[in-house]
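Next come the chains, spelled out residue by residue.
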Amino acid sequence: MYAPKRKLDSVGPRPFFLSSNWLDSPLPGTFRARMFVRVRYAPSPTGSPHVGNIRTALFCHFFARHHDGVMFVRIEDTDRARTVPGVEEEILESIRWAGIEWQEGPDKGGPFAPYKQSERQAQGIYQPYIDELLNSGNAYKAFDTPEELDEMRQYQQINKKPFGYFGGVWRDASAETVASAEAEGKRPVIRLKMPRGKMLVVNDAIRGRVEFESDLVDDPVLIKADGMPTYHFAAMVDDHLMGTTHIIRGEEWISSAPKHVWLFEAFGWNPPVFVHVPVIKGKDGAKLSKRHGDTRMLDYRAAGYIPDALANFITLIGWAPGGDREIMSMEEIASAFRLEGLQPSPGVFDADKLKWMNGNYIRALSPSELISTVSAYVSNPEVAAYFSSEEHKDDAVVSGVALLRSAFAERPDYVHQVLPLEQERVTTLAEFGPACAFFFVDEVDFDEKATEKWFVGQAHVGPLFDHLIAGLTGKNAASHEECKAMVQEFVDKNGLEKLGPAVHPTRVALTGKTAGPGLFELMEVLGPARMIKRLQRAKGMLK
RNA sequence: GGCCCGUUGGUCUAGCGGUUAGGACGCCUCCCUUUCACGGAGGAGACCACGGGUUCGAUUCCCGUACGGGUCACCA
């Protein structure tokens with residue numbers, strides 16, 4: 001288990017080089033590599049985390065690991081209406097499955113607990129800060145009704161004005177006006193008073209200096225009418241309070257970044273470094289979302305992906321170690337991870353390449369890892385549910401996995417022999433089901449093309465099966481070599497030039513298919529009893 | 001529409017002023033071989049979006065244009 005080398009109590013006034021200008025500083029890379037890092041992963045529990053969300057978490061994790069820093073998780077649940085029960089658990093489960101390690105969070109506490117904004121709000125943590133802003137004149141109460149705001153937006157749209165709230169009547173309303181509105185019992189929101197005529201600079205670690213004209217940035221709501229803070233407010237206050245050194249988040253946040261830097265400015269706080277990572281796009285070029293299908297992180301677990309493979313693959317979208325390296329362990333990525341390797345442009349999620357990578361990871365599994373991995377997979381109820389759903393319906397997988405599951409329980413030794421035979425032929429764990437099914441069923445399903453090709457009009461096949469049945473009868477086991485000798489003997493006696501004409505029909509009789517593991521390996525595992533039965537049944541199908 | 005960001009083969013990318021523009025996925029061919037797969041060897045595929053500069057020299061630096069993306073909520 002990874003433990004931060006840095007003591008938590010070292011969080012405090014940050015050294016000069018952690019200012020957002022750190023990129024401009026002449027400090028050599030070696031010095032930067034030792035910089036103190038505290039990063040947060042701040043998801044909102046409004047829906048199942050998808051691969052894009054988890055990639056951000058992965059970046060946080062690798063960055064923190066690389067610098068022996070701290071990663072913490074903070075749940076941004078300030079929108080009560082949109083908070084979905086159970087999602088918080090799913091988020092934690094997703095990042096845990098991805099192999100991410102965090103040192104502080106809602107599940108494990110930490111020096112800055114609580115790590116859930118609804119709880120922080122309940123403790124009154126944000127109150128003094130909003131009061132400070134109100135007192136310093138950097139925030140104001142606005143009493144507009146939703147209808148009025150709608151009207152404003154329509155007006156702006158029609159007149160092609162910049163959209164947004166640029167003050168209305170409340171930005172500079174007199175104390176009396178505000179007081180009388182309050183006396184009427186109206187519930188205001190509190191908005192940040194953005195500066196006018198100023199250039200707001202966001203120092204982004206990937207893009208460098210990004211400028212925004214403050215006149216074009218509207219006044220964001222800080223506190224909603226129900227008293228809850230918005231993301232803009234809560235996240236920045238918390239990032240300051242929790243000692244965040246780097247805000248690693250999706251590129252979709254970049255346009256609200258000037259609001260965030262201004263907030264830090266208004267408080268007189270030293271801002272963290274912003275790192276806006278590029279979005280992940282679907283094949284259609286648009287930001288990855290549910291409608292692209294197969295984006296939910298845990299669906300990949302159900303679909304048979306190895307977490308390390310998925311993690312490896314998605315961190316490579318938008319990040320590269322700088323050479324030709326691609327297949328990298330979590331450790332290797334952590335040690336190679338530098339912000340400089342982050343890409344500014346969005347990347348497309350290529351499911352084919354993911355499959356290739358997953359196949360690589362499956363092949364790299366040791367015999368014991370193979371067994372434990374597949375065993376855990378087939379006993380996971382998520383799997384059947386996933387492949388029974390309408391979008392992913394695959395009966396072959398469902399039944400194959402069920403076969404494997406009961407085989408694990410009833411004849412583990414047999415399964416252990418079977419699995420390695422398909423290891424280099426599958427690209428997902430799910431494929432083990434259909435691929436291995438023939439080992440476990442009483443009667444194999446015959447592929448029509450296979451029987452047509454090898455069971456029809458091939459005079460030597462009948463005698464071949466008889467030969468094998470005769471050779472197998474009375475045996476308890478038949479080794480790879482013995483099986484091969486048997487087939488070879490038939491080939492020699494009948495003047496067949498190659499092994500093929502004997503091998504292929506035998507394979508079809510035994511497995512029902514034309515593709516699969518080496519015939520003799522598979523025969524050894526199958527054993528004489530099963531083979532004799534199958535050979536006899538196949539004999540009856542010859543034409 | 002405003003603002004912001006981006007642009008190297010279909011996709012992920014290396015490159016950080018001078019390269020036959022490298023690798024990976026996918027695709028094709030061949031080899032290995034009892035099939036499939038793995039593995040190995042090749043191949044097709046990029047006028048480095050376009051147009052201007054700067055420079056002895058630009059994929060690399062600067063400016064435009066085009067195209068793509070992001071964002072414009074009392075959501076995050």
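Let me sum up the structure you'll find in this document. (Residues numbered from 1 in each chain as written. Chains lettered and ligands numbered in written order. Predicted model: local features only at pLDDT ≥ 70, side-chain atom pairs only at ≥ 80, totals over all residues. Heavy atoms only, no water.)

1. Side note on the environment of G164
Short version of the rule: Each helix is a run of DSSP H or I of at least 4 residues and each strand a run of E of at least 2, with the numbering of both proceeding from the N terminus. Each residue gets one of three labels from its accessible area relative to the maximum for its type: buried under 20%, exposed over 50%, partly exposed in between, using a 1.4 Å probe on protein chains only. Throughout, a residue-residue contact means that at least one pair of heavy atoms, one from each residue, lies within 4.5 Å.
As for its placement among the helices and strands, G164 is situated in the loop between helix 6 (146-158) and helix 7 (175-183). Here G164 falls in the buried class, since its relative accessible area comes to 11%. Distance in space between the C-alpha atoms of G164 and L149 is 9.1 Å, their sequence separation being 15 residues. Filtering out sequence-adjacent residues up to four positions away, G164 remains in contact with M152, Q156 and D218.

2. Overview of unusual backbone geometry
Here the residue pair A113 and P114 is connected by a cis peptide bond, since its omega of 0 degrees sits within 30 degrees of zero. Relative to the helices and strands, P114 is located in the loop between helix 3 (87-97) and helix 4 (117-122). Phi at D68 takes a positive value of approximately 55 degrees, unusual for a residue other than glycine. Mapping D68 onto the fold places it in the loop between helix 2 (51-66) and strand 2 (70-73). A positive phi angle, close to 50 degrees, is found at K160, a residue other than glycine. On the secondary structure map, K160 appears in the loop between helix 6 and helix 7.

3. A few points about helix 24 (residues 528-539)
Here is the rule: A helix is expected to span 1.5 Å for every residue after the first.
Across its 12 residues, helix 24 extends 16 Å between first and last C-alpha, which sits within 8% of the 16 Å expected from 1.5 Å per residue. When we look at burial in helix 24, the residues that qualify are P528, M531, I532, R534, L535 and A538.

4. Looking at the pairing of strand 2
Definition in use: For two strands to pair, DSSP has to find at least two bridges joining them. Place the viewer so that the strands point away; then a crossover is right-handed whenever the path from the first strand over the helix to the second strand goes clockwise.
Neither face of strand 2 is left uncovered, since the one carrying V70 and F72 and the one carrying M71 and V73 both have all their residues buried. Bridge analysis of strand 1 (residues 38-41) against strand 2 gives four bridges, and the strand direction is parallel. The partner of V39 across the bridge, within strand 2, is M71. With respect to chirality, the unit in which strand 1 leads through helix 2 into the neighbouring parallel strand 2 is right-handed.

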